Amino acid sequence: MRIARHLVDGQPRLAIVTEDGLATLQTEHTDLPSLLDASGGDLVGAVGVLATGGVTPLDDADLLSPVGHPPAILAVGLNYRAHAAESGWEPPSVPIIFNKHYKCIVGPGDPIHLPAAAPNMVDYEGELAMVIGRTARAVSAADAPDYIAGYTIMNDVSVRDWQRASPTMMMGKSWDTHGPCGPWLVTSDSIDPHSCRLVTEVSGEVRQDAKTDDLIFDCYQIVEHLSTAFTLDPGTIIATGTPAGVGLFFDPLRMLKPGDEVSITIEGIGTLTNPVIAEPIA
(Lines give C-alpha, C1' and ligand atoms only; values in the text may rest on other atoms or scores of the structure.)
Protein backbone atom coordinates (compact mmCIF):
# COMPACT_ATOMS: atom_id res chain seq x y z
CA MET A 1 0.00 0.00 0.00
CA ARG A 2 1.20 3.52 -0.82
CA ILE A 3 0.06 6.46 1.32
CA ALA A 4 0.51 10.03 0.12
CA ARG A 5 -0.33 13.55 1.27
CA HIS A 6 -1.56 16.16 -1.14
CA LEU A 7 -3.36 19.47 -1.20
CA VAL A 8 -7.12 19.43 -1.77
CA ASP A 9 -8.68 22.89 -1.96
CA GLY A 10 -5.55 24.25 -0.33
CA GLN A 11 -5.66 21.84 2.62
CA PRO A 12 -3.40 18.81 3.25
CA ARG A 13 -5.16 15.45 3.00
CA LEU A 14 -4.03 11.84 3.19
CA ALA A 15 -4.66 9.57 0.23
CA ILE A 16 -4.13 6.07 -1.10
CA VAL A 17 -2.12 5.89 -4.30
CA THR A 18 -4.08 3.87 -6.86
CA GLU A 19 -3.69 3.12 -10.56
CA ASP A 20 -6.05 6.01 -11.26
CA GLY A 21 -4.35 8.55 -8.96
CA LEU A 22 -4.74 9.71 -5.37
CA ALA A 23 -7.90 8.53 -3.62
CA THR A 24 -8.38 10.96 -0.75
CA LEU A 25 -9.07 9.34 2.62
CA GLN A 26 -12.09 10.48 4.60
CA THR A 27 -10.41 11.09 7.95
CA GLU A 28 -9.79 13.91 10.38
CA HIS A 29 -6.09 13.10 10.30
CA THR A 30 -4.16 15.22 7.83
CA ASP A 31 -0.66 13.92 8.61
CA LEU A 32 0.76 10.47 9.24
CA PRO A 33 2.04 10.95 12.82
CA SER A 34 -1.47 11.53 14.21
CA LEU A 35 -2.99 8.69 12.17
CA LEU A 36 -0.21 6.33 13.27
CA ASP A 37 -0.63 7.34 16.89
CA ALA A 38 -4.41 6.83 16.75
CA SER A 39 -4.09 3.43 15.05
CA GLY A 40 -1.37 2.03 17.29
CA GLY A 41 0.90 1.73 14.29
CA ASP A 42 -1.45 -0.48 12.25
CA LEU A 43 -1.44 1.77 9.20
CA VAL A 44 -2.73 -0.88 6.82
CA GLY A 45 -5.61 -1.72 9.15
CA ALA A 46 -6.46 1.90 9.82
CA VAL A 47 -6.49 2.88 6.16
CA GLY A 48 -8.36 -0.27 5.18
CA VAL A 49 -11.50 0.79 7.06
CA LEU A 50 -11.52 4.40 5.85
CA ALA A 51 -13.74 5.49 3.02
CA THR A 52 -12.18 7.25 0.05
CA GLY A 53 -13.39 10.33 -1.71
CA GLY A 54 -12.55 11.80 -5.07
CA VAL A 55 -9.56 10.64 -7.09
CA THR A 56 -6.96 13.15 -8.29
CA PRO A 57 -4.86 12.06 -11.28
CA LEU A 58 -1.17 11.96 -10.34
CA ASP A 59 -0.29 14.47 -13.04
CA ASP A 60 -2.69 16.96 -11.43
CA ALA A 61 -1.81 16.22 -7.80
CA ASP A 62 -0.01 18.73 -5.59
CA LEU A 63 2.03 16.22 -3.62
CA LEU A 64 3.40 17.00 -0.17
CA SER A 65 5.95 15.15 1.94
CA PRO A 66 4.20 12.00 3.25
CA VAL A 67 5.15 13.18 6.75
CA GLY A 68 4.75 16.93 7.05
CA HIS A 69 5.52 17.45 10.73
CA PRO A 70 7.63 14.58 12.05
CA PRO A 71 8.33 14.52 15.80
CA ALA A 72 11.99 14.00 14.89
CA ILE A 73 14.24 13.48 11.89
CA LEU A 74 17.22 11.26 12.61
CA ALA A 75 19.87 10.22 10.14
CA VAL A 76 22.82 7.84 9.88
CA GLY A 77 26.20 8.89 8.49
CA LEU A 78 28.69 6.71 6.58
CA ASN A 79 26.30 3.78 6.51
CA TYR A 80 27.18 2.28 3.12
CA ARG A 81 30.44 0.40 2.78
CA ALA A 82 31.24 1.97 -0.58
CA HIS A 83 30.50 5.47 0.73
CA ALA A 84 32.80 4.94 3.71
CA ALA A 85 35.47 3.76 1.29
CA GLU A 86 35.15 6.77 -1.02
CA SER A 87 35.41 9.08 2.01
CA GLY A 88 38.64 7.43 3.16
CA TRP A 89 37.12 6.43 6.53
CA GLU A 90 37.04 2.99 8.09
CA PRO A 91 33.50 1.60 8.33
CA PRO A 92 32.08 2.73 11.68
CA SER A 93 31.72 0.17 14.47
CA VAL A 94 28.56 1.86 15.79
CA PRO A 95 26.01 3.95 13.86
CA ILE A 96 26.92 7.63 13.40
CA ILE A 97 23.73 9.51 14.28
CA PHE A 98 22.78 13.13 13.67
CA ASN A 99 19.60 15.24 13.61
CA LYS A 100 17.97 17.22 10.86
CA HIS A 101 15.73 20.10 11.91
CA TYR A 102 12.09 19.46 10.99
CA LYS A 103 11.86 22.72 9.02
CA CYS A 104 14.06 21.19 6.32
CA ILE A 105 11.15 19.04 5.08
CA VAL A 106 9.73 19.77 1.62
CA GLY A 107 7.76 17.62 -0.78
CA PRO A 108 8.16 16.31 -4.32
CA GLY A 109 8.72 19.08 -6.86
CA ASP A 110 9.55 21.69 -4.25
CA PRO A 111 12.78 23.57 -4.90
CA ILE A 112 16.01 22.94 -3.02
CA HIS A 113 17.51 26.32 -2.12
CA LEU A 114 21.18 27.08 -2.50
CA PRO A 115 21.62 29.31 0.57
CA ALA A 116 22.77 32.86 -0.08
CA ALA A 117 25.10 32.51 2.92
CA ALA A 118 26.65 29.23 1.70
CA PRO A 119 25.89 28.56 -1.98
CA ASN A 120 28.97 26.73 -3.24
CA MET A 121 29.17 23.46 -1.31
CA VAL A 122 25.61 22.11 -1.42
CA ASP A 123 25.49 18.38 -2.08
CA TYR A 124 22.85 15.69 -2.67
CA GLU A 125 22.46 12.40 -0.76
CA GLY A 126 19.86 9.93 -1.95
CA GLU A 127 18.60 7.85 0.97
CA LEU A 128 16.08 5.22 1.97
CA ALA A 129 14.10 6.58 4.92
CA MET A 130 11.89 4.67 7.33
CA VAL A 131 8.95 6.02 9.30
CA ILE A 132 8.29 4.75 12.82
CA GLY A 133 4.75 3.41 13.23
CA ARG A 134 4.31 3.11 16.97
CA THR A 135 6.08 4.16 20.12
CA ALA A 136 9.41 2.35 20.24
CA ARG A 137 11.67 2.01 23.29
CA ALA A 138 14.26 -0.73 23.90
CA VAL A 139 13.18 -2.56 20.72
CA SER A 140 15.35 -5.45 19.53
CA ALA A 141 16.43 -5.75 15.92
CA ALA A 142 14.32 -8.91 15.69
CA ASP A 143 11.20 -7.01 16.74
CA ALA A 144 11.97 -3.79 14.86
CA PRO A 145 9.92 -4.64 11.72
CA ASP A 146 6.77 -4.44 13.86
CA TYR A 147 7.59 -0.81 14.73
CA ILE A 148 8.23 0.48 11.20
CA ALA A 149 5.16 1.83 9.40
CA GLY A 150 6.86 2.02 6.03
CA TYR A 151 9.52 3.49 3.83
CA THR A 152 10.01 6.57 1.70
CA ILE A 153 12.80 8.51 -0.01
CA MET A 154 14.77 11.39 1.47
CA ASN A 155 17.37 13.67 -0.07
CA ASP A 156 19.73 14.46 2.80
CA VAL A 157 20.89 17.72 1.21
CA SER A 158 24.15 18.76 2.85
CA VAL A 159 25.98 22.08 3.04
CA ARG A 160 29.45 20.55 3.18
CA ASP A 161 31.44 23.50 4.50
CA TRP A 162 28.97 24.02 7.36
CA GLN A 163 28.81 20.27 7.96
CA ARG A 164 32.58 20.01 8.33
CA ALA A 165 32.74 23.05 10.59
CA SER A 166 30.78 21.27 13.35
CA PRO A 167 31.35 17.71 14.61
CA THR A 168 27.61 17.21 15.19
CA MET A 169 26.91 17.89 11.46
CA MET A 170 23.44 19.24 12.24
CA MET A 171 24.17 22.78 11.03
CA GLY A 172 25.23 21.42 7.66
CA LYS A 173 22.20 19.17 7.34
CA SER A 174 19.25 21.29 8.44
CA TRP A 175 18.89 24.31 6.19
CA ASP A 176 15.35 25.11 5.07
CA THR A 177 14.35 22.96 2.04
CA HIS A 178 17.25 20.54 2.61
CA GLY A 179 15.06 17.55 3.47
CA PRO A 180 13.01 16.66 0.39
CA CYS A 181 10.87 13.62 1.19
CA GLY A 182 8.45 11.50 -0.81
CA PRO A 183 6.81 10.93 -3.15
CA TRP A 184 4.78 8.76 -0.73
CA LEU A 185 5.18 6.13 1.97
CA VAL A 186 5.18 2.46 1.03
CA THR A 187 3.92 0.32 3.90
CA SER A 188 6.43 -2.11 5.34
CA ASP A 189 4.42 -5.17 4.34
CA SER A 190 5.06 -4.50 0.66
CA ILE A 191 8.82 -3.91 0.46
CA ASP A 192 12.08 -5.54 1.51
CA PRO A 193 14.17 -2.53 2.57
CA HIS A 194 17.45 -4.42 2.30
CA SER A 195 17.29 -5.47 -1.35
CA CYS A 196 16.33 -2.26 -3.15
CA ARG A 197 18.24 -0.48 -5.89
CA LEU A 198 18.82 3.23 -5.24
CA VAL A 199 19.71 5.57 -8.12
CA THR A 200 20.37 9.30 -7.83
CA GLU A 201 20.47 11.45 -10.97
CA VAL A 202 21.48 15.09 -11.20
CA SER A 203 20.11 16.72 -14.36
CA GLY A 204 19.84 13.30 -16.00
CA GLU A 205 23.34 12.13 -15.05
CA VAL A 206 23.54 9.08 -12.79
CA ARG A 207 25.65 9.94 -9.74
CA GLN A 208 24.67 7.15 -7.31
CA ASP A 209 23.70 3.58 -8.18
CA ALA A 210 23.71 1.04 -5.36
CA LYS A 211 21.76 -1.67 -3.57
CA THR A 212 20.60 -1.28 0.01
CA ASP A 213 22.30 -4.58 0.84
CA ASP A 214 25.47 -2.45 1.09
CA LEU A 215 24.17 -0.87 4.31
CA ILE A 216 26.60 -1.35 7.20
CA PHE A 217 23.79 -1.16 9.79
CA ASP A 218 20.45 -2.30 8.43
CA CYS A 219 17.12 -0.68 9.24
CA TYR A 220 16.32 -3.02 12.10
CA GLN A 221 19.73 -2.58 13.74
CA ILE A 222 19.30 1.19 13.53
CA VAL A 223 15.93 1.03 15.31
CA GLU A 224 17.47 -1.13 18.02
CA HIS A 225 20.41 1.25 18.47
CA LEU A 226 18.31 4.41 18.66
CA SER A 227 15.53 2.99 20.83
CA THR A 228 18.07 1.72 23.35
CA ALA A 229 18.74 5.34 24.29
CA PHE A 230 15.42 7.12 23.79
CA THR A 231 11.81 6.74 22.74
CA LEU A 232 10.96 6.93 19.06
CA ASP A 233 7.53 8.48 18.52
CA PRO A 234 5.11 7.56 15.71
CA GLY A 235 5.96 9.51 12.57
CA THR A 236 9.67 9.82 13.33
CA ILE A 237 11.67 9.79 10.09
CA ILE A 238 15.00 7.94 10.07
CA ALA A 239 17.21 8.43 6.99
CA THR A 240 19.44 5.37 6.72
CA GLY A 241 22.48 6.80 4.93
CA THR A 242 23.66 7.43 1.40
CA PRO A 243 25.68 5.26 -0.99
CA ALA A 244 28.85 6.21 -2.84
CA GLY A 245 28.75 8.92 -5.49
CA VAL A 246 28.11 12.15 -3.60
CA GLY A 247 29.39 15.32 -5.24
CA LEU A 248 31.98 15.93 -2.54
CA PHE A 249 34.14 13.02 -3.64
CA PHE A 250 34.28 13.70 -7.37
CA ASP A 251 37.45 15.29 -8.76
CA PRO A 252 36.67 18.05 -9.47
CA LEU A 253 33.80 18.52 -7.01
CA ARG A 254 30.27 18.11 -8.40
CA MET A 255 28.22 20.39 -6.18
CA LEU A 256 24.63 21.41 -6.95
CA LYS A 257 24.05 24.58 -8.94
CA PRO A 258 21.00 26.62 -9.96
CA GLY A 259 19.06 24.87 -12.71
CA ASP A 260 19.97 21.35 -11.60
CA GLU A 261 17.29 18.76 -10.93
CA VAL A 262 17.84 15.91 -8.47
CA SER A 263 15.89 12.68 -8.95
CA ILE A 264 16.21 9.79 -6.51
CA THR A 265 14.61 6.47 -7.44
CA ILE A 266 14.30 3.56 -5.03
CA GLU A 267 13.03 0.26 -6.33
CA GLY A 268 9.65 -0.56 -4.84
CA ILE A 269 8.93 3.03 -3.79
CA GLY A 270 9.16 5.46 -6.72
CA THR A 271 11.00 8.64 -7.65
CA LEU A 272 11.51 11.85 -5.71
CA THR A 273 12.41 14.83 -7.92
CA ASN A 274 13.31 18.38 -6.86
CA PRO A 275 14.70 21.34 -8.81
CA VAL A 276 17.62 23.38 -7.47
CA ILE A 277 17.41 27.19 -7.30
CA ALA A 278 19.24 30.05 -5.68
CA GLU A 279 17.63 30.98 -2.36
CA PRO A 280 14.93 33.55 -3.06
CA ILE A 281 15.48 37.00 -1.62
CA ALA A 282 13.47 37.28 1.58
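Higher on the page you've got the structure.
First things first, this report covers the structure right here in the doc. (Residues numbered from 1 in each chain as written. Predicted model: local features only at pLDDT ≥ 70, side-chain atom pairs only at ≥ 80, totals over all residues. Heavy atoms only, no water.)

A look at the packing of aromatic side chains
Within this structure, the stated rule accounts for 1 aromatic pair. Aromatic pair Trp162 and Trp175: ring centres 4.8 Å apart, planes at 80 degrees, arrangement edge-to-face. Separated by 13 residues along the polypeptide, Trp162 in helix H4 (residues 160–165) and Trp175 in the loop between helix H5 (170–173) and strand S14 (179–187) bring together distant segments of the chain. When its relative accessible area of 34% is taken as the criterion, Trp162 is described as partly exposed. Its guanidinium or amino end placed over the ring of Phe250, Arg207 lies 5.7 Å from that ring's centre, counting from NZ or CZ. (Phe/Tyr/Trp six-rings, centres within 6.5 Å; stacked < 30°, edge-to-face > 60°. Helix = DSSP H or I, 4+ residues; strand = E, 2+ residues; numbered from the N terminus. Buried < 20%, exposed > 50% of the residue type's maximum accessible area, 1.4 Å probe, protein only. Lys NZ or Arg CZ within 6 Å of the ring centre and 35° of its normal.)

Points about the nonpolar core
If you look at the biggest cluster of nonpolar residues, it comprises 49 residues, and the most contacted ones within it are Met130, Tyr151, Val223, Leu232, Ile238, Leu256 and Ile269. It is helix H6 (residues 219–229) that provides the largest number of residues to this core, a total of 4 residues. Excluding its chain neighbours within four sequence positions, the residues that come into contact with Ile238 are Leu74, Leu128, Ala129, Met130, Ile132, Ile222, Leu226 and Leu232. Of all hydrophobic cores here, the second largest spans 25 residues; its members include Ile16, Leu36, Ala46 and Val47. (Core = buried A, V, L, I, M, F, W, Y, C linked by side-chain atoms within 4.5 Å. Contact = heavy atoms within 4.5 Å.)

Quick notes on the state of the cysteines
The tally for this structure, following the rule as stated, stands at 0 disulfides. Cysteine Cys181 shares no disulfide, and the gap to the nearest cysteine sulfur, in Cys104, comes to 8.9 Å. (Disulfide = S-S within 2.5 Å.)

As for the environment of Gln221
Mapped onto the fold, Gln221 is located in helix H6. Through-space distance from the C-alpha of Gln221 to that of Asp9 is 41 Å; in sequence the pair is 212 residues apart. Each residue touching Gln221, except ones within four places of it in the same chain, is listed here: Ala141 and Ile216.

With respect to the pattern of salt bridges
Summed over the entire model, instances satisfying the criterion amount to 10 salt bridges. Asp31 serves as the salt-bridge partner of Arg5, at 3.5 Å between the closest nitrogen and oxygen. Separated by 26 residues along the polypeptide, Arg5 in strand S1 (residues 2–8) and Asp31 in the loop between strand S3 (21–25) and helix H1 (32–39) bring together distant segments of the chain. Note on accessibility: Arg5 and Asp31 belong to one class, buried. For Lys173, the salt bridge identified is with Glu125, shortest N-O distance 3.2 Å. Within this pair, whereas Lys173 is found in helix H5, its partner Glu125 is found in the loop between strand S10 (122–123) and strand S11 (126–132), the two being separated by 48 residues in sequence. Its relative accessible area of 5% is what places Glu125 among the buried residues. Connected through salt bridges with shared partners, the residues Lys100, Asp123, Glu125, Asp156, Arg160 and Lys173 form a single ionic network. (Salt bridge = Lys/Arg side-chain N within 4 Å of Asp/Glu carboxyl O.)

Geometric values such as these leave the question of function open.
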